[in-house]
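Descriptive structure summary
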Amino acid sequence: GAGVSQSPRYKVAKRGQDVALRCDPISGHVSLFWYQQALGQGPEFLTYFQNEAQLDKSGLPSDRFFAERPEGSVSTLKIQRTQQEDSAVYLCASSPKGDYLGLGVGELFFGEGSRLTVL
Amino acid sequence: GQQLNQSPQSMFIQEGEDVSMNCTSSSIFNTWLWYKQDPGEGPVLLIALYKAGELTSNGRLTAQFGITRKDSFLNISASIPSDVGIYFCAGLSGANSKLTFGKGITLSVRP
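Described in the following lines is the structure provided in the data block. (Residues numbered from 1 in each chain as written. Chains lettered and ligands numbered in written order. Predicted model: local features only at pLDDT ≥ 70, side-chain atom pairs only at ≥ 80, totals over all residues. Heavy atoms only, no water.)

Time to look at the state of the cysteines. Working definition of a disulfide: a covalent bond connecting the sulfur atoms of two cysteines. Summed over the entire model, instances satisfying the criterion amount to two disulfides over all chains. For C23 of chain A, the disulfide goes to C92 of chain A, at an S-S distance of 1.9 Å. Because the sign of the S-S torsion sets the handedness, a value of about -65° for the bond joining C23 of chain A and C92 of chain A places this disulfide among the left-handed ones. One end of the pair, C23 of chain A, is in strand β3 (residues 19-24); the other, C92 of chain A, is in strand β9 (residues 88-95), and 69 residues separate them in sequence. Per residue, the accessibility class of C23 of chain A equals that of C92 of chain A, and both read buried. Disulfide pairing is shown between C23 of chain B and C89 of chain B; the S-S distance is 1.9 Å. Disulfide C23 of chain B-C89 of chain B: the torsion about the S-S bond is 55°, which places it as right-handed. Of this pair, C23 of chain B sits in strand β2 (residues 19-24) while C89 of chain B sits in strand β8 (residues 85-92), and the two are 66 residues apart along the sequence. Overall, the relative accessible area of 0% leaves C89 of chain B in the buried class. (Disulfide = S-S within 2.5 Å. Helix = DSSP H or I, 4+ residues; strand = E, 2+ residues; numbered from the N terminus. Buried < 20%, exposed > 50% of the residue type's maximum accessible area, 1.4 Å probe, protein only.)

In structure tokens, the structure reads:
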């Protein structure tokens, strides 16, 4: 498809399980972002990739969260030993621009999100 | 950290009415974006603003980038039922690459 694709759309995990969420950005997009959106809140930044390089991971809430984009296209967000507070929608977004000047990449195009529920 | 303030949390209007939403911050932003999110979907970009004072329209939507670079507003004219959804403002400060979002305003349109 032409847009950002995320899978799975819905994931239910038992507390303590590991989960992996996948993001297929728009083809050719340089920048890729992961955001976490709790119920009734705006998206909160998790991490940013420019091609395969993870340039900012300051938003990852703990060392249980890990993201990778090894070939500069598809990205995976992994959450180890899930906790109930990890329940949220995880949004992936991409941009055709890279942040080469430190001025931001402008518009982001979001996927539909992966809704994680931890029981 | 940087915060964007959107209020009220919810707005209820009659179909055909105009509505205005504000977004304010104590920090300066270099780019302002307005997104709309429908239930179960990701945010969709409505309007992007790159210059202080800029006024941009997209159909029935008009948005402005405040002169102080600390605020922006979005106007929707002649509202229709499909305008229902959550409207987020988002800003880029240039200090880093991440987009900061407000908490959103839920818009309801009565037919």
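Text resumes after the structure shown.
Looking now at the layout of surface pockets. Volume-wise, the largest pocket comes out at about 500 Å³. Lining the largest pocket are 27 residues; nearest its centre among them are Q37, A38, L39, G40 and R115 of chain A. Reported here for the second largest pocket is a volume of approximately 350 Å³. Forming the walls of the second largest pocket are 18 residues, and the residues nearest its centre are E44 of chain A together with Q2, Q3, T100 and F101 of chain B. Among the residues forming the lining of the second largest pocket, the class breakdown is six nonpolar, nine polar and three charged. (1 Å grid on protein atoms, 1.4 Å probe; cavity = no way out; pocket = protein on both sides within 12 Å on 5 of 7 lines; lining within 4 Å. Points joined across faces, edges and corners; volume = space filled by probe spheres on them. Nonpolar A, V, L, I, M, F, W, Y, C, P; charged D, E, K, R; others polar.)

Below, the discussion takes up the environment of M21 of chain B. Residue and element names in this part refer to chain B. Assignment of secondary structure puts M21 in strand β2. Sequence spacing of M21 and G104 is 83 residues, and the spatial spacing of their C-alpha atoms is 9.9 Å. Beyond its immediate sequence surroundings of up to four residues, M21 is in contact with M11, W34, S72, F73, L74, I76, Y87, I105 and L107. (Contact = heavy atoms within 4.5 Å.)

Turning our eyes to something else, we now look at the packing of aromatic side chains. By the definition in use, this model includes 13 aromatic pairs over all chains. When the centroid spacing of 4.5 Å and the interplanar angle of 25° are considered together, the rings of F33 of chain A and Y48 of chain A count as stacked. One end of the pair, F33 of chain A, is in strand β4 (residues 31-37); the other, Y48 of chain A, is in strand β5 (residues 44-50), and 15 residues separate them in sequence. Take Y48 of chain A: its relative accessible area is 1%, and that puts it in the buried class. Through a chain of ring-to-ring contacts, the aromatic side chains of F33, Y35, F45, Y48 and F110 of chain A together with Y35, F88 and F101 of chain B assemble into a single cluster. (Phe/Tyr/Trp six-rings, centres within 6.5 Å; stacked < 30°, edge-to-face > 60°.)

Before going further, it helps to spend a moment on the interface of chain A and chain B. With 24 residues of chain A at the contact, the number on the chain B side is 20 residues. For the chain A and chain B pair, buried surface summed over both sides reaches about 1700 Å², with 51% attributable to carbon and sulfur atoms. The largest per-residue losses of area from chain A upon contact with chain B belong to P43, E107 and F110 of chain A, which jointly make up 23% of the total buried on that side. Counting the contacts that link chain A with chain B gives zero salt bridges. Mapped by element, the contributors of at least two residues to the side of chain A that touches chain B are β4 and β5 of chain A. Top contributing element to the side of chain A that touches chain B by residue count: β4 of chain A, with three residues. Considered class by class, the residues forming the side of chain A that touches chain B number ten nonpolar, nine polar and five charged. (Buried area = accessible area lost by both parts, 1.4 Å probe. Salt bridge = Lys/Arg side-chain N within 4 Å of Asp/Glu carboxyl O.)

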